[in-house]
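# Examination of the molecular architecture
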Amino acid sequence: GESVGLHLPTLSVQEGDNSIINCAYSNSASDYFIWYKQESGKGPQFIIDIRSNMDKRQGQRVTVLLNKTVKHLSLQIAATQPGDSAVYFCAENRPNQAGTALIFGKGTTLSVSS
Amino acid sequence: SAVISQKPSRDICQRGTSLTIQCQVDSQVTMMFWYRQQPGQSLTLIATANQGSEATYESGFVIDKFPISRPNLTFSTLTVSNMSPEDSSIYLCSVVLAGGRADTQYFGPGTRLTVL
């Protein structure tokens, strides 16, 4: 789930700016986290993941930060481009009766203007 | 990477009818899941599709309403039964790839269902 205090449903940035999308999770037993990007009319696309034994992981133009103390996750996108415009979801992997389950946050709509 | 396909991509159905959605993967997978995404909302897990046995449903979802089959490792179906307008949603399958990163789920393109 997401904390009302941290979640922004929309984020508007200029092309070339850095974007930061925040997410709070609720279950301290969650051990794996994923960020997805969903463009209009498509399914969610895997961007980057991080396990609970790490606090930072970098990909191409993207960085995920994990703060387990406050149960907070963020996605940083460097040099944001118009093609980055989409809805971004964080997801936490929790144990359940089937093994594990991904619980999705509310999503943040990123709009990039050129 | 794998190609995950869903059929149909979209449909418009009358209330009281049922629709079966197919999910096919071109690689070996260990796990398959079905999600619902209501308009403008996030994704909610419906169930884990188990090969050769009954699916494991999440709280709020039942087999009579959402029967699921998974006859082999790479194919699954979800049926939305006795539909009402409240069932209008995007239905998505996801998979964990065999030999891939454990727990990482990859999603199909979704099936957009409108119930009149």
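Presented here is an overview of the structure given in this document. This one's a predicted model, so the numbers in the text were calculated from it and none came from an experiment. (Residues numbered from 1 in each chain as written. Chains lettered and ligands numbered in written order. Predicted model: local features only at pLDDT ≥ 70, side-chain atom pairs only at ≥ 80, totals over all residues. Heavy atoms only, no water.)

## Considering the overall build of chain B
Quick reminder of the rule: Helix and strand assignments follow DSSP, with helices taken as H or I runs no shorter than four residues and strands as E runs no shorter than two, numbered in order from the N terminus. Atoms counted for the radius of gyration: C-alpha only. Globule rule: 2.2 Å times residue count to the power 0.38. Between two residues, a contact is recorded if the distance between any of their heavy atoms is within 4.5 Å. Methods summary: accessible areas were calculated by the Shrake-Rupley approach with a probe of 1.4 Å, and residue burial reflects only the protein chains presented. Under this rule, positive means Lys or Arg and negative means Asp or Glu; His and the chain ends count for nothing. Charge positions are represented by NZ for Lys, CZ for Arg, CG for Asp and CD for Glu.
Looking only at helices and strands, chain B has zero helices and eleven strands in total. Relative to the 2.2 N^0.38 estimate, which gives 13 Å for 116 residues, the radius of gyration of chain B is 13 Å and therefore close to what a compact globule would have. Projected onto its principal axes, the C-alpha coordinates of chain B cover approximately 40 × 25 × 20 Å. In chain B, of all internal contacts separated by at least 6 residues, the share reaching a separation of at least 24 is 54%. As displayed, chain B has an accessible area near 5,300 Å², and 50% of this comes from carbon and sulfur atoms. Computing the positive centroid from 8 side-chain charges and the negative centroid from 8, chain B places the two 7 Å apart.

## Focus: the packing of aromatic side chains
Stated precisely, the cut-off is as follows: Note on aromatic contacts: the rings of Phe and Tyr and the six-membered ring of Trp form a pair at centre separations within 6.5 Å, being stacked when their planes are under 30 degrees apart, edge-to-face when over 60 apart, and tilted otherwise. Criterion for a charge above a ring: Lys NZ or Arg CZ within 6 Å of the ring centre, and within 35 degrees of the ring normal.
Within this structure, the stated rule accounts for ten aromatic pairs over all chains. Pairwise contacts between aromatic rings join Tyr-36, Phe-89 and Phe-104 of chain A together with Tyr-35 and Phe-107 of chain B into one cluster. The ring of Tyr-32 of chain A has Arg-51 of chain A lying over it, and the distance from NZ or CZ to the ring centre is 4.0 Å.

## Regarding the interface of chain A and chain B
Reports of interface size often rely on the accessible area that becomes lost once the parts have come together. As a reminder, the rule being used: Two parts placed together each lose some accessible area; with a 1.4 Å probe, that loss summed over both constitutes the buried area. In what follows, salt bridge is the name for a side-chain nitrogen of Lys or Arg lying within 4 Å of a carboxyl oxygen of Asp or Glu.
Opposite the 23 residues of chain A that make contact, chain B presents 23 residues. A buried area of about 1,700 Å², summed over both sides, lies between chain A and chain B, and 48% of it is on carbon and sulfur atoms. Our enumeration of links across chain A and chain B arrives at two salt bridges. Residue Arg-101 of chain B pairs with Asp-49 of chain A through a salt bridge whose shortest N-O separation is 2.8 Å.

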